[in-house]
There are 4 protein chains.
Amino acid sequence: MAEAGEPSDLFVHAITVQWADCDPARIAYTGQIPKFALSAIDAWWAERVGIDWFALNVDHRMGTPFVHLDMDFRSPITPRHPLFCTVMLSKLGTTSLTFRVVGRQDGTVRFEGNFVCVAVSADDFRPGYPSAEIRTRLESLLSERL
Amino acid sequence: MAEAGEPSDLFVHAITVQWADCDPARIAYTGQIPKFALSAIDAWWAERVGIDWFALNVDHRMGTPFVHLDMDFRSPITPRHPLFCTVMLSKLGTTSLTFRVVGRQDGTVRFEGNFVCVAVSADDFRPGYPSAEIRTRLESLLSERL
Amino acid sequence: MAEAGEPSDLFVHAITVQWADCDPARIAYTGQIPKFALSAIDAWWAERVGIDWFALNVDHRMGTPFVHLDMDFRSPITPRHPLFCTVMLSKLGTTSLTFRVVGRQDGTVRFEGNFVCVAVSADDFRPGYPSAEIRTRLESLLSERL
Amino acid sequence: MAEAGEPSDLFVHAITVQWADCDPARIAYTGQIPKFALSAIDAWWAERVGIDWFALNVDHRMGTPFVHLDMDFRSPITPRHPLFCTVMLSKLGTTSLTFRVVGRQDGTVRFEGNFVCVAVSADDFRPGYPSAEIRTRLESLLSERL
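What you are looking at is a predicted structure, and each value in this text was computed from that prediction instead of being measured.

1. A few points about the sheet that holds strand β4 (residues 83–92) of chain B
Taken in spatial order, the 10 strands of this open sheet run β1(A)-β4(A)-β5(A)-β6(A)-β3(A)-β3(B)-β6(B)-β5(B)-β4(B)-β1(B), and their pairing is antiparallel. The open sheet has two free edges, formed respectively by β1 (11–15) of chain A together with β1 (11–15) of chain B, since each of these has just one partner strand. Each neighbouring strand pair of the sheet contributes to a mean axis angle of 20°, computed without reference to strand direction. Of the strand pairs in this sheet, β4(B) and strand β5 (residues 96–105) of chain B are connected by 8 bridges, and their pairing is antiparallel.

Printed below as a string of structure tokens:
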């Protein structure tokens, strides 16, 4: 599912944009696009770490509340083509994680953005990794970055 | 509806955060928060300009597709308190409009962000103002900024 | 906020339909309408019982999972008028609760529907009322029905 | 992708339920489930008719506004398993179309429901088929019903 211009080993999540996502301007509603990117990051966790956000919270009692996001919308998104979202773990701080997400349709970048979250205990929201194993796994995934 | 610390003449849009907005971490889902801010900007148009996004598009054939947004999440949002979103038109370029939105609950900033859109014709997405009157109205609203 | 044709003491929840709720047919997306009705039922709990779904779950450890809903869509919903949702507790079984919701815009019924949920413990999903007080309060609200 | 107990030639649409779909009860939010079913019906149009709702509206100027839906929720939906939605065109009136959708996770029915819409011209919302070809195609798909 890699698109031209991206190294083929990056994680790409395909989203079927539908009627439900579009507004009267006949394009995906702006408020829907951060949801597409977050959905791709959740899929990245499921595939790369082997634990999606639900299991991370419920089974591992770890949360990742977001503290920042920024997005540039390069071109409108429509249901005409699948939306391929490339997700990279671009930075790993002591407890912060930065994801870069680029969305493409039909070979054209539609959006790109950065999403920063913090690893916390799901019980008390205190920053930290409940599991050293998850942290180690994340470090190994940094090598995927461009 | 002005909150302490904001000049009282700024536009403030109150949102009732509900169960539907929350995820298993018992806070408003990250992907919902840009929607809150955009909803507040749409309410600003309705109240300050007198034309909401729907009427702008359908009646005036003007669109305002977004090209950028950035948000900092300062503190979790829950259904415990109303969410007061202050909206300011912070910058007006030739065809671009920048909004600043600050969300507060119980006197505490929960998020702040910037949202940049472009005035276009709804017919062909070309940048520009179909109506000089709307542009003039927007200019007069710039004086509201901090 | 009572509309013509409804006894004035019924609970009515006003919703501002926005651009974000509409699809390319320029009407509120079908999938959004059950959300409007559920939002009105949550508002009914907050106002009539004094406990919204979030507090019911988090503070009282009671849940109300839905087992059924049916809706008839009488007329399209648009951002042109506020959407007034009348909510009635129409039936109270041993553990089931049935709500009737009627949505009106500009004096015309847009949708009507029935929503059946079951009182459960939030800890183990077992049917029942964790609090006799809540049950008693609900019984008193049955008198509001048509 | 057919599940045990369904004839293998029925259309089945797989949905990845995520964190974003869940509420603090750790199950998919009720208001999200009609959206799952509608998303499956849109996917049915794309696959079986070869025209999704977006193309139907924009290219063929045909709309299918819904006039009724009813759903029974048999069991909670979570991100633990993919959600397989079987879609059948169960009835075809002069201008009405009835879909039956059954959602399963891990071999268990989670919801079942009926969704009735009306074929209309997208220009004036008048009932009818702008294209005899689409009507004929729909008739041929009725044979898929149970």
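2. Re the pairing of β5(B)
Each regular strand displays side chains that alternate between the two surfaces of the sheet. All names here are of chain B. Counted residue by residue, β5 has 8 buried out of 10 residues, so it is predominantly covered. Hairpin connection between β4 and β5: a loop of 3 residues separates the two successive antiparallel strands. Linking two consecutive strands that pair antiparallel, namely β5 and strand β6 (residues 108–118), is a turn of 2 residues; a positive phi of about 55° is found at Asp 106 within it.

3. Notes on the relation of the copies chain A and chain B
With an axial shift of 0.0 Å and an RMSD of 0.0 Å, the rotation relating chain A to chain B amounts to 180°. With respect to symmetry, the two chain copies, as superposed, fit the operation of a two-fold axis. Residue A:Asp70, judged by its C-alpha, is the member of chain A lying nearest the rotation axis, at 2.0 Å.

4. Observations regarding the relation of the copies chain C and chain A
With an RMSD of 0.0 Å, the fit of chain C onto chain A corresponds to turning through 180° and sliding 0.0 Å along the axis. Taken together, the interface assignments show that 100% of the residues at the interface of chain C recur at the interface of chain A, consistent with an identical surface on both copies.

5. Overview of the packing of aromatic side chains
The geometry of an aromatic ring pair is captured by two quantities: the separation of the ring centres and the angle between the planes. Residue and element names in this part refer to chain A. In the structure shown here, the tally under the stated rule is 12 aromatic pairs over all chains. Between Trp 44 and Trp 45 the ring centres are 6.0 Å apart and the planes differ by 80°, which places this aromatic pair in the edge-to-face class. Both residues of the pair, Trp 44 and Trp 45, count as buried. Aromatic ring contacts, followed pair by pair, group Trp 44, Trp 45 and Phe 99 into a single cluster.

6. Focus on the environment of D:Phe73
Here D:Phe73 shows up in strand β3 (residues 66–73). The exposure class of D:Phe73 is buried, given its relative accessible area of 10%. It is 6.0 Å that separates the C-alpha atoms of D:Phe73 and D:Arg110, two residues lying 37 residues apart in sequence. Not counting the four nearest positions on each side in its chain, D:Phe73 is found in contact with C:Phe66, C:Val67, C:His68, C:Leu69, D:Thr30, D:Ile33, D:Arg110 and D:Phe111.

7. A look at the interface of chain C and chain A
Interfaces are often sized by the accessible area lost when the parts come together. Facing the 8 residues of chain C at the interface are 8 residues of chain A. Roughly 820 Å² of surface becomes buried between chain C and chain A when both sides are summed, with 76% attributable to carbon and sulfur atoms. Considering only the surface of chain C that becomes buried against chain A, C:Trp19, C:Pro24 and C:Tyr29 emerge as the three largest contributors, covering 64% of it. At the junction of chain C with chain A, the criterion picks out 0 salt bridges.

8. Notes on the interface of chain A and chain B
Counting from both sides, the interface comprises 23 residues of chain A and, opposite them, 23 residues of chain B. Carbon and sulfur atoms make up 65% of the area that chain A and chain B hide from each other, which totals about 2000 Å². Sorting the residues of chain A by area buried against chain B places A:Lys35, A:Leu69 and A:Phe73 first, and these three jointly supply 24% of that buried surface. The tally of links from chain A across to chain B stands at 0 salt bridges.

9. A look at the pairing of strand β6 (residues 108–118) of chain C
Residue and element names in this part refer to chain C. Counting buried positions over the 11 residues of β6 gives 8, a clear majority of the element. For strand β3 (residues 66–73) and β6, the ladder comprises 7 bridges, and the chain directions are antiparallel. Residue Met 71 lies in a different strand from β6, and its bridge partner there is Gly 113. The sheet contact formed by strand β5 (residues 96–105) and β6 spans 10 bridges and is antiparallel. Each bridged residue has a counterpart across the sheet, and for Ser 96 the counterpart in β6 is Val 118.

What counts, and where the lines are drawn
Residues numbered from 1 in each chain as written. Chains lettered and ligands numbered in written order. Predicted model: local features only at pLDDT ≥ 70, side-chain atom pairs only at ≥ 80, totals over all residues. Heavy atoms only, no water. Pairing = 2+ DSSP bridges. Helix = DSSP H or I, 4+ residues; strand = E, 2+ residues; numbered from the N terminus. Axes fitted to C-alpha atoms, helices over the stretch in contact; angles between N-to-C directions. Buried < 20%, exposed > 50% of the residue type's maximum accessible area, 1.4 Å probe, protein only. Least-squares fit on C-alpha atoms with pLDDT ≥ 70 in both. Contact = heavy atoms within 4.5 Å. Phe/Tyr/Trp six-rings, centres within 6.5 Å; stacked < 30°, edge-to-face > 60°. Buried area = accessible area lost by both parts, 1.4 Å probe. Salt bridge = Lys/Arg side-chain N within 4 Å of Asp/Glu carboxyl O.

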